[in-house]
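So you can see what is in the structure, the chains are spelled out below.
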Amino acid sequence: AQSVAQPEDQVNVAEGNPLTVKCTYSVSGNPYLFWYVQYPNRGLQFLLKYITGDNLVKGSYGFEAEFNKSQTSFHLKKPSALVSDSALYFCAVRDPSGGATNKLIFGTGTLLAVQP
Amino acid sequence: EAGVAQSPRYKIIEKRQSVAFWCNPISGHATLYWYQQILGQGPKLLIQFQNNGVVDDSQLPKDRFSAERLKGVDSTLKIQPAKLEDSAVYLCASSSLAGYSYNEQFFGPGTRLTVL
C-alpha cells in the first residue's frame, strides 16, 4: 500500500538559514511525488513535483526538492528561509500503477516556523 | 484564471443534522476531488469524479455521505446525518485531463465543518 511519512511535526529555522522538510514514501512502482503548502484558513497550494528525470526539482517561491530513490525520500529544501515561508507543508505521493484513480496519498504535514 | 470556489467557508451544525457543501472547479478541469482533512492529519480523498462519472469513492462513508456532479462542472457533497467525527475541513480540488496521471491538483479554500 502507498504511504508517506513526514517524521517531523515541526521544523524551526532562523530567517536566512537553509531549511529542510523531510519526506519518505512507500509505493510499489516508480512514484509521482508532490509538495504542497497550506497557509492558515486557505487551501493547499502546489509547490513542485517529481515525475521523472533530474532528481533535483525546482518549484515555486525558491523551493526545491531532491528525489532519492535508494532512500525513498523526497526532502523539500530552500537555501535561505523567509518569515513568510512559515506554513504547513504536505508531501504527497501517487502510485502511477494505480489505474484510473489519480488519488494522492498525503503525509501528516510539517509545520515550518521561521523566526526573524 | 479563477481558482476553485467553495461555499460555505464555515458551517456549524449539531450531530444528526444534515449539511451540504458546494464546489465549482477551475473552468475546463474534467476531474474533481473531494478531500476530508481532520485536524492534525493530511487530506484524505473521499471521492473523485471525471466529468460526471465516479472514478474512486472507496473511502467515502456511503451510509452518510453522498456526492454528485450532475453536469460535469460543479459538485455538491452532502452529509446526512452528521456525526461528531465528521468535524473537519472539506477540500475540493480539480485537475485537467491532459497529463492526467501526473498533473497537480488545484485546491479550493475549504469548508470548515464543526459538528456539536
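This one's a predicted model, so the numbers in the text were calculated from it and none came from an experiment. (Residues numbered from 1 in each chain as written. Chains lettered and ligands numbered in written order. Predicted model: local features only at pLDDT ≥ 70, side-chain atom pairs only at ≥ 80, totals over all residues. Heavy atoms only, no water.)

## Side note on the overall build of chain B
Counting secondary structure elements, chain B contains zero helices and 11 strands. Reading chain B from its N end, one meets helices and strands in the order β-β-β-β-β-β-β-β-β-β-β. In terms of C-alpha radius of gyration, chain B reaches 13 Å, essentially the compact-globule figure of 13 Å for 116 residues. Along the three orthogonal principal directions, the C-alpha set of chain B runs to about 40 × 25 × 25 Å. Contacts in chain B between residues at least 24 apart in sequence constitute 54% of all its contacts with a sequence separation of at least 6. Carbon together with sulfur atoms contributes 51% to the accessible area of chain B, which is approximately 5600 Å² in total. For chain B, the distance from the average site of its 12 positive side-chain charges to the average site of its 10 negative ones is 6 Å. (Helix = DSSP H or I, 4+ residues; strand = E, 2+ residues; numbered from the N terminus. Rg over C-alpha atoms; globule rule 2.2 N^0.38 Å. Contact = heavy atoms within 4.5 Å. Areas by Shrake-Rupley, 256 points an atom, 1.4 Å probe, with all protein chains shown as cover. Lys, Arg positive; Asp, Glu negative; His and termini not counted. Charge placed at Lys NZ, Arg CZ, Asp CG, Glu CD.)

## Focus on the sheet that holds strand E8 (residues 75–79) of chain B
Residues and elements named next belong to chain B. Pairing in this open sheet of four strands is antiparallel, and the strands run E1-E3-E8-E7 from one edge to the other. Looking at strand neighbours, the two that pair on one side only are strand E1 (5–7) and strand E7 (65–68), the edges of this open sheet. Strand-to-strand twist across the sheet, computed as the mean angle between neighbouring axes with direction ignored, equals 15 degrees. When E7 meets E8, the two strands line up antiparallel, connected through four bridges. Within the sheet, the bridge partner assigned to Ala 67 lies in E8 and is Leu 77. (Pairing = 2+ DSSP bridges. Axes fitted to C-alpha atoms, helices over the stretch in contact; angles between N-to-C directions.)

## Some remarks on the packing of aromatic side chains
All chains considered together, the criterion is met by 15 aromatic pairs over all chains. Measuring from ring centre to ring centre gives 4.1 Å for A:Tyr50 and A:Phe67, while their planes differ by 20 degrees; the resulting arrangement is stacked. Here the residue A:Tyr50 occupies a position in strand E6 (residues 44–50), and A:Phe67 occupies one in strand E8 (residues 64–68), the gap between them amounting to 17 residues. Across this residue pair, the class does not change: A:Tyr50 and A:Phe67 are buried. Ring geometry for A:Phe90 versus A:Phe106: centroids 6.3 Å apart, planes at 85 degrees, classification edge-to-face. Of the two residues, A:Phe90 sits in strand E10 (residues 87–94) while A:Phe106 sits in strand E11 (residues 105–106), which places them 16 residues apart along the sequence. Each member of the pair A:Phe90 and A:Phe106 is classed as buried. Here a set of aromatic residues connected by ring pairs shows up, and it is made of A:Phe34, A:Tyr36, A:Phe46, A:Phe90, A:Phe106, B:Tyr33, B:Tyr35 and B:Phe107. (Phe/Tyr/Trp six-rings, centres within 6.5 Å; stacked < 30°, edge-to-face > 60°. Buried < 20%, exposed > 50% of the residue type's maximum accessible area, 1.4 Å probe, protein only.)

## Notes on the pairing of strand E4 (residues 31–37) of chain B
All names here are of chain B. Burial analysis of E4 places seven of its seven residues in the buried class, the great majority of the element. Burial of E4 is two-sided: the residues Thr 31, Tyr 33, Tyr 35 and Gln 37 facing one way and the residues Leu 32, Trp 34 and Gln 36 facing the other way are all buried. Looking at chain direction, E4 and strand E5 (residues 44–50) are connected through six bridges and run antiparallel. When the sheet's bridge partners are listed, Tyr 33 is paired in E5 with Gln 48. Here E4 folds back onto E5 in antiparallel fashion, the turn holding six residues, of which Gly 40 has a positive phi close to 85 degrees. Judged from the seven bridges that link them, E4 and strand E9 (residues 88–95) form a sheet pairing that is antiparallel. Note on E9: the bridge partner recorded for Gln 37 is Val 89.

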